[in-house]
Amino acid sequence: MSLPQSTLPTASAHDTVPLPWVEPPPPDALTLGLQQPDKSRRQAGGRAIALQLLRSFIADRSRQYRGGISSPLRAVDACSRLSPYLTWGCLSVREVWQAVQYRRASEAPPAPKHLAGLNAFGSRLHWHCHFIQKLESEPGIEFHNMHRGYDGLRESEHKPEHFAALVSGRTGWPLVDACVAMLRETGWINFRMRAMLVSVAAYPLWLHWRPVGEWLATEFLDYEPGIHWSQMQMQSGTTGINTARIYNPIKQARDQDPEGRFVREWLPAMRKVPDTWLFEPWRMPAEMQLRCGLRVGGPDADIPTPLVDLERATRLAKVRLFALRAQPEVKAAKAAIVRQHGSRTFVRKRGGKAPPVAVPAQLELL
């Protein structure tokens, strides 16, 4: 059925008048300071590939999710790998959530391990939105400490040599440097390795989260500001409401990569290191280095020596952090942060009462 001619829009004299301005072209990568080349081994983009990954995860790979996402080796398949597609809008959180719900309610119920993986993944979709809301509620946490009582903790003690070692993957701790190498090539590492990377930067290297966060934001293919800056502050201990998460990179290597498969994949020099010296290669005797054809320590070494003594530097960082936390004015300011940024689960665990929140139907993931 065609509309009557009288109902169709008529041409206006204004339609032919040029706009008084010209939209400038978007800035190029060089202008934005993004000079680094594209990741040679990054995930390919596009909705078609995103849907393929979603289907493979829901149908099969989610069986490995629980127990597999902490290992830097197993996480490559056990994680959903959907984060870049959520970041760039190839998928929506709602459609991913609905796919999880549909599989959980299907006529052929998932096996217990499969269901546990889907449930764990579903809870992380909720956390995804929770952390994004933090930045929406207080945009300033991208630039300043969530708890202002932590201002001055690290800002005046920036050590350029520590930051340079971290960014170049030359900290001397094999698992840390392997994570940087993987990140440089792929734009992705699993969550535990991200947490360890930031923890090493914040505690033994005593770097402020802001420059570290800016560097990582340019490396992560799935950079999502709301999640990124909240996590940077959580792992650096400046939220004032979260338990300090301090990861020992040597212990993490023993726990998550005991055979050194991940480290040897990403750090070619480590392939020559005997198992005995896998976790602390800087302790190799000189004759063993000569036998392996390696140079350990020094500016041009195959394997650098750590810039700091891990145990001593971490202990000092803990003393400084917890001394600040114990100050009455810092403890007093914690309650306001909990009210604004703490989850309702967080409030209940501490004996508080979460205020009732009415969720409009259109805001639900269903």
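Note: the structure precedes this text.
Summary of the structure given here. (Residues numbered from 1 in each chain as written. Predicted model: local features only at pLDDT ≥ 70, side-chain atom pairs only at ≥ 80, totals over all residues. Heavy atoms only, no water.)

Some remarks on the overall build of the chain
- Looking only at helices and strands, the chain features 18 helices and 0 strands.
- A total of 366 residues make up the chain; the buried ones form 45% of that total.
- Within the chain, contacts between residues separated by at least 24 positions form 69% of all contacts whose residues are at least 6 apart in sequence.
- In the structure as shown, the chain presents an accessible area of about 20,300 Å², 58% of it carried by carbon and sulfur atoms. (Helix = DSSP H or I, 4+ residues; strand = E, 2+ residues; numbered from the N terminus. Buried < 20%, exposed > 50% of the residue type's maximum accessible area, 1.4 Å probe, protein only. Contact = heavy atoms within 4.5 Å. Areas by Shrake-Rupley, 256 points an atom, 1.4 Å probe, with all protein chains shown as cover.)

With respect to the packing of aromatic side chains
- Applying the stated criterion across every chain yields a total of 5 aromatic pairs.
- Here F57 and Y65 contribute two aromatic rings whose centre-to-centre distance is 5.7 Å and whose plane-to-plane angle is 75°, an arrangement assigned as edge-to-face.
- The buried category is assigned to Y65, whose relative accessible area is 6%.
- Centroid distance Y65 to F121: 5.7 Å. Interplanar angle 85°. Geometry classified as edge-to-face. Of this pair, Y65 sits in helix α2 (residues 65-68) while F121 is found in helix α6 (residues 112-137), placing the two residues 56 residues apart along the sequence.
- A connected cluster of aromatic rings, assembled from ring pairs, spans F57, Y65 and F121. (Phe/Tyr/Trp six-rings, centres within 6.5 Å; stacked < 30°, edge-to-face > 60°.)

Focus: the side chain of E219
- If you trace the backbone, E219 turns up in helix α10 (residues 209-219).
- When residues no more than four places from it in sequence are discounted, the contact partners of E219 are K39, L183, R184 and G187.

Topic: α6
- For α6, built from 26 residues, the straight-helix expectation of 38 Å at 1.5 Å per residue is met to within 8% by its first-to-last C-alpha distance of 38 Å.
- Turning to α6, the residues buried within the fold contact α1 (47-59), α2, α5 (93-104), α11 (225-236) and α17 (334-341). (Expected span 1.5 Å × (residues − 1).)

Observations concerning helix α8 (residues 174-186)
- Here α8 spans 18 Å end to end across 13 residues, near enough to the 18 Å set by a 1.5 Å rise per residue.
- Along α8, the residues classified as buried are P174, L175, V176, D177, A178, C179, V180, A181, M182, L183 and T186.
- Packed against the buried residues of α8 are α3 (75-78), α7 (160-167), α9 (191-202), α10, α12 (249-256) and α13 (261-266).
- Immediately downstream of α8, the backbone of G187 shows phi near 80°, a positive value.

A closer look at the environment of W188
- With respect to the helices, strands and loops of the structure, W188 is situated in the loop between α8 and α9.
- Its relative accessible area of 6% is what places W188 among the buried residues.
- A C-alpha to C-alpha distance of 9.5 Å links W188 and S83, two positions 105 residues apart in sequence.
- Here W188 is in contact with A75, V76, C79, R81, S83, M182, L183, R194 and D222, once residues within four sequence places are set aside.

Here's the deal with the packing of α5 against α6
- Between α5 and α6, the least distance of the axes is 10 Å, while the angle of their chain directions is 155°. Taken together, the axes of α5 and α6 are roughly antiparallel relative to one another. Every pair of crossing elements has a handedness; the one defined by α5 and α6 is left-handed. Contacts between α5 and α6 involve V93, V96, W97, V100, R103 and R104 on the former and, on the latter, H114, L115, L118, N119, F121, G122, L125, H126, H128 and C129.
- Partitioning the contact of α5 with α6 into residue classes produces 9 nonpolar, 5 polar and 2 charged. (Axes fitted to C-alpha atoms, helices over the stretch in contact; angles between N-to-C directions. Parallel < 35°, antiparallel > 145°, perpendicular 65-115°, else oblique. Left-handed = near helix turned anticlockwise from the far one by under 90°. Nonpolar A, V, L, I, M, F, W, Y, C, P; charged D, E, K, R; others polar.)

Things to note about the packing of α9 against α11
- Between α9 and α11, the shortest axis-to-axis distance is 8 Å and the interhelical angle comes to 55°. It follows that α9 is oblique to α11 by the angle criterion. Classified by chirality, the crossing of α11 by α9 is right-handed. Contacts between α9 and α11 pair F191, A195, V198, S199 and A202 from the former with Q231, M232, Q235 and S236 from the latter.
- In terms of residue class, the contact of α9 with α11 is built from 5 nonpolar, 4 polar and no charged.

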